[in-house]
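# Fold and contact review
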Amino acid sequence: MIRKVNREDLPECLEIIRKSYETEASMFGVTKMNCPNHTSFMSLEKLESFYNWGFEMYAVTDENDTMIGFFSLSIKEKDVFEVKCFSVLPSFRRKGYGTQMVELAKKRVKELNGKKLIASVADGGQIEKRWYEKNGFNYAGASIHPHLPVSCRARTQIHRQD
């Protein structure tokens, strides 16, 4: 099940985000020393600021109502939205939760009259790259994120308004 996040949920969401991004940090040799702003080290204050800025936040729960995933959706430009902190705990990956999350994000973008949905993937993350492509994202170019020691690729999903 996917539900909207309340302010009281943020500490639990933060744990999901950190644990989910530990695999990326490990893959790329990211540590708190060489990359203190990596998502795996996110502070509660930063997550709260996203909440206060109006990011839509969603928690994913399993059949026991245990939180296992998280993502946020924000307006990047007039009709361009960005999915951020896309997180599924490692032991729950490859079970369809991520696809459900993307489908909800695409639905919300359409409801908000958006035209594009953007997600960033660390350059070199081939499993993630293939997963995003399988879910309808197209390569839109690479961009450098100063807080990361690797480049990230932005992927774009274009929605048609019916």
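Here is a short report on the structure shown in this document. Since we're looking at a predicted model, the values are computed, not measured. (Residues numbered from 1 in each chain as written. Predicted model: local features only at pLDDT ≥ 70, side-chain atom pairs only at ≥ 80, totals over all residues. Heavy atoms only, no water.)

A separate point is the nonpolar core. Counting 37 residues, the largest nonpolar core has Leu 47, Met 57, Phe 70, Phe 71 and Leu 117 as the members making the most contacts within it. At the level of secondary structure, the elements contributing two or more residues to this core comprise α1 (10-28), α2 (44-52), β2 (56-61), β3 (67-77), β4 (80-88), α3 (97-111) and β5 (116-122). Once you skip the residues sitting within four places of it in the chain, Met 57 turns out to touch Arg 3, Lys 4, Val 5, Leu 10, Leu 47, Phe 50, Tyr 51, Phe 70, Phe 71 and Ser 72. (Core = buried A, V, L, I, M, F, W, Y, C linked by side-chain atoms within 4.5 Å. Buried < 20%, exposed > 50% of the residue type's maximum accessible area, 1.4 Å probe, protein only. Helix = DSSP H or I, 4+ residues; strand = E, 2+ residues; numbered from the N terminus. Contact = heavy atoms within 4.5 Å.)

Among the structural elements, Lys 76 can be located in strand β3. By relative accessible area, Lys 76 is classed as partly exposed at 48%. For the pair Lys 76 and Ile 118, spaced 42 residues apart in the sequence, the C-alpha separation amounts to 8.8 Å. Those residues in contact with Lys 76, other than ones at most four positions away along the chain, are Phe 81, Glu 82 and Ile 118.

Right, let's get into the side chain of Asp 62. Within the secondary structure, Asp 62 is located in the loop between β2 and β3. Despite its burial, Asp 62 pairs with no opposite charge, the nearest such side chain being Lys 95 at 8.4 Å. Polar contacts involving the side chain of Asp 62 include one to the main-chain amide nitrogen of Thr 66, which spans 3.0 Å. Apart from the residues within four sequence positions on either side, Asp 62 is in contact with Ile 68, Phe 92 and Tyr 97. (Lys, Arg positive; Asp, Glu negative; His and termini not counted. Salt bridge = Lys/Arg side-chain N within 4 Å of Asp/Glu carboxyl O. Polar contact = N/O pair within 3.5 Å; in protein donor to acceptor, adjacent residues only side chain to side chain.)

Moving on, we come to the side chain of Ser 72. Structurally, the position occupied by Ser 72 is in strand β3. Residue classification places Ser 72 among the buried positions, given a relative accessible area of 1%. Excluding anything up to four places from it in sequence, Ser 72 contacts Phe 55, Glu 56, Met 57, Glu 82, Val 83 and Lys 84.

Just geometry here; none of it tells us what the structure is for.
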